[in-house]
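Secondary and tertiary structure notes
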Amino acid sequence: MIVILLIVLVLGWFSVFRYRRRNMYELAAAIPDVDEHIPLLGIAHKFTGNTEEIMSMLQKYSYNSMKHNGLAKGWLGHVLYFALLNPVDLELVLKTCLEKDDLHRFMRVVIGYGGIFAPVSIWRRRRKIMVPAFSPKIVQSFVGIISEQSEKLASNLGKCVGTGKFSSWPFLSAYTLDSICETAMGVKVNAQGDKDSNFLISMNRILNIVCMRIFHLWLQPAWLFKLFPVFHEHQKCKKLLHDFVDEAIQKKREEIGTENNSAIEVDYKYDLGSYKSKTFLDLLITLSGAEKGYTNIELREEVLTLTVAGTDTSAVAIGFTLELLSKYPEIQEKVYKELCEVFGDSERPLVKEDLEKMKYLERVVKESLRLFPPAPFIIRKVLEDITLPSGNVLPAGSGVMVSIWGIHRDPKYWGPEAEHFDPDRFLPERFNVEHPCCYMPFSSGPRNCVGYQYAMISIKTSLSAILRRYKVVGEPEKGPVPQIRVKLDIMMKSVNGCQVALEKRPTK
Ligand code: HEM
């Protein structure tokens, strides 16, 4: 009797649930599926594999969506998602659906309401404060620090010359972390000098755990997550990151106080006193209204956001570019020739005037970001029904996965050679994509990446420091389509950790 009652109750609840969402089911029915669905689970069972398999599934769905004019749907259990890669439609989505998808909540647990993951109500004010801190003039004032860190990177890589293939990832992520921490907080983390840097280890580990939570349903509910040993590791890493940033904020507040009293004290542990240009932390304190502005917690959230948003993304871009150049030696030689023209016989570090002269390197980086965008998917929430220019309607309550990966490889916009590695497609006389959203490694619309100029400076500076000194060697690619195995680990990363070998270039 009790069993029958339970079944009736469950069926009743299920019918009411479906009835309330009838609008969603009706609208979804008009849009093709990305894959075969099974009852109740939809396509959720396709995401139980490792991070490489998950990435390959999302690539497959991007290609399937391409076949349906850039829009197809998939149910993850009761949650409806769309894979979108039509530039006209996605421009509207990125302009109007500003709320991030619920999956971002696992990141919020770690870094709070910093810009990139914040709900719209909080994000608006934070974005207004963040944007002026990234003005071209301010970003260019960081070239000195970035160049110094790039020289360190090149010198560290020197230890791997002639040792055969090695993973360049640990070198690259230590470089981007050091650069970000110095420009964001004015703190020398020295991850490049200390491969056991607690900050770097904790950041990598916590991102890895967050990724596991996103894809492993059993780690999602907070109460259940606490029962797993990984929870304690998560808390330990989080505490270390928070304490580190809090201490830097405290020092900075004291430093600003001392500066106001016109006596500058040097803190040797953090090296704040020797710091000439303003850090992002200084700027955020000032731009938010000094003492009446951000609280220490808000500052921590913003600084952590910059650290997370700016570290792996740029490191991934540098790594993919190195791997690509190792596969296409003739393209690498053209880069080297350009660097010889810019630097001549000198071994001097890069200065900001050099950046504009590296036109070919810039095209190589752009092409690398097109084929291997570090953030290949953006997921937004649909709060109200939205009619797309293509005529389809996305129902309220669904999520949209904008596939940057897909749009960058769609032959409809990039021609039959869309997947070829061809940096010269970015020559001004050749570049003629029909819509600006056909190329958007840094996203588009009001929530696009504020750090894109910073990223381009960091990527070009480090690559030039490496490629001036070393020839990057790999297995030459047999055809024009580069084959690099990728995985989704918050960012899209190379499975082999950007393996290359290095040969020393002759000294001038
Ligand atoms: C190659 C390197 C980078 C790539 C590919 C990249 C890409 C992106 C993407 C796709 C977004 C998401 C936008 C959206 O949801 O529409 C984003 C947001 C953001 N990025 Fe970057 N990024 C890079 C480097 C950086 C750097 C170096 C910084 C800071 C120093 C940075 C700071 C941010 C911030 C603060 C946001 C949040 C913007 C907001 O929500 O208002 N990024 N980035």
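The model shown is predicted, which means the values in this text are computed figures rather than measured ones. (Residues numbered from 1 in each chain as written. Predicted model: local features only at pLDDT ≥ 70, side-chain atom pairs only at ≥ 80, totals over all residues. Heavy atoms only, no water.)

Okay, the coordination of the iron atom of the ligand next. Among protein atoms, the single one acting as a donor to the iron atom of the ligand is Cys-449 (SG), 2.3 Å away. Structurally, the position occupied by Cys-449 is in the loop between helix H19 (411-414) and helix H20 (452-469). (Donors = N, O, S within 2.8 Å, 3.2 Å for Na, K, Ca; no water. Helix = DSSP H or I, 4+ residues; strand = E, 2+ residues; numbered from the N terminus.)

The calculated volume of the second largest pocket comes to roughly 720 Å³. Taken together, 30 residues form the lining of the second largest pocket, with Glu-362, Tyr-452, Gln-453, Met-456 and Lys-460 sitting closest to its centre. Elements represented by at least two residues in the lining of the second largest pocket include exactly helix H7 (136-140), helix H16 (352-357), helix H17 (359-371) and H20. Class assignment of the residues belonging to the lining of the second largest pocket gives a composition of 17 nonpolar, 5 polar and 8 charged. (1 Å grid on protein atoms, 1.4 Å probe; cavity = no way out; pocket = protein on both sides within 12 Å on 5 of 7 lines; lining within 4 Å. Points joined across faces, edges and corners; volume = space filled by probe spheres on them. Nonpolar A, V, L, I, M, F, W, Y, C, P; charged D, E, K, R; others polar.)

Right, let's talk about the site of the ligand for a bit. Neighbouring residues of the ligand: 26 residues in total, closest Trp-123, Arg-127, Arg-380, Ser-443 and Cys-449. Lys-100 is positioned with one of its side-chain polar atoms (N or O) 2.8 Å from an oxygen atom of the ligand. The separation between an oxygen atom of the ligand and a polar side-chain atom of Ser-443 is 2.6 Å. At the level of elements, helix H6 (120-133), helix H14 (296-327), strand S4 (377-381) and H20 are the ones that each hand at least two residues to the shell around the ligand. No other element matches H14, which puts 4 residues into the shell around the ligand. (Near = heavy atom within 4 Å. Polar contact = N/O pair within 3.5 Å; in protein donor to acceptor, adjacent residues only side chain to side chain.)

Moving on, we get to the pattern of salt bridges. Overall, the coordinates contain 29 salt bridges when judged by the stated rule. The residue Glu-298 makes a salt bridge to Arg-126 at a minimum N-O spacing of 3.9 Å. Highlighted residues: Glu-298 in helix H14 and Arg-126 in helix H6, separated in sequence by 172 residues. Just as Glu-298 is buried, Arg-126 falls in that class too. Residues Lys-352 and Glu-353 are paired through a salt bridge, measuring 3.9 Å at the closest nitrogen-oxygen approach. With relative accessibility at 38%, the residue Lys-352 sits in the partly exposed group. You can call Glu-353 partly exposed: its relative accessible area is 45%. Linked by salt bridges that have partners in common, Arg-125, Arg-126, Glu-298, Glu-301 and Glu-302 make up one network. (Salt bridge = Lys/Arg side-chain N within 4 Å of Asp/Glu carboxyl O. Buried < 20%, exposed > 50% of the residue type's maximum accessible area, 1.4 Å probe, protein only.)

Attention now moves to unusual backbone geometry. Working note: non-glycine residues mostly have negative phi, and peptide bonds are mostly trans. Even without being a glycine, Leu-40 presents a positive backbone phi close to 65 degrees. Considering the arrangement of structural elements, one finds Leu-40 in the loop between helix H2 (22-29) and helix H3 (51-67). Among the residues examined, Leu-40 registers a relative accessible area of 70% and is labelled exposed. Unlike most non-glycine residues, Asn-69 shows phi in positive territory, near 60 degrees. Note that Asn-69 resides in the loop between H3 and strand S1 (71-76). We classify Asn-69 as partly exposed; its relative accessible area is 40%.

On to the side chain of Ser-458. Looking at the secondary structure, you find Ser-458 in helix H20. Judged by its relative accessible area of 2%, Ser-458 is buried. Those residues in contact with Ser-458 that lie beyond four places of it in its chain are Ile-146, Tyr-175 and Ser-314. (Contact = heavy atoms within 4.5 Å.)

Helix length check: H17, at 13 residues, gives a terminal C-alpha distance of 19 Å against a target of 18 Å (1.5 Å per residue), a fit within 8%. Of all the 13 residues making up H17, 10 are buried; the element is thus mostly covered by neighbouring parts of the structure. All of the buried residues along H17 are Tyr-360, Leu-361, Arg-363, Val-364, Val-365, Glu-367, Ser-368, Leu-369, Arg-370 and Leu-371. At its buried positions, H17 is contacted by H14, helix H15 (329-343), helix H18 (404-407), H19 and H20. (Expected span 1.5 Å × (residues − 1).)

A contiguous nonpolar patch, built from Ile-2, Leu-5, Leu-6 and Leu-9 and spanning about 450 Å² of accessible area, is present on the exposed surface. Note on placement: Ile-2 falls in helix H1 (residues 2-20). Using a relative accessible area of 67% as the deciding quantity, one classes Ile-2 as exposed. (Patch = residues over 30% accessible without salt bridge, like charges linked within 9 Å, V, L, I, M, F, W, Y side chains within 5 Å. Areas by Shrake-Rupley, 256 points an atom, 1.4 Å probe, with all protein chains shown as cover.)

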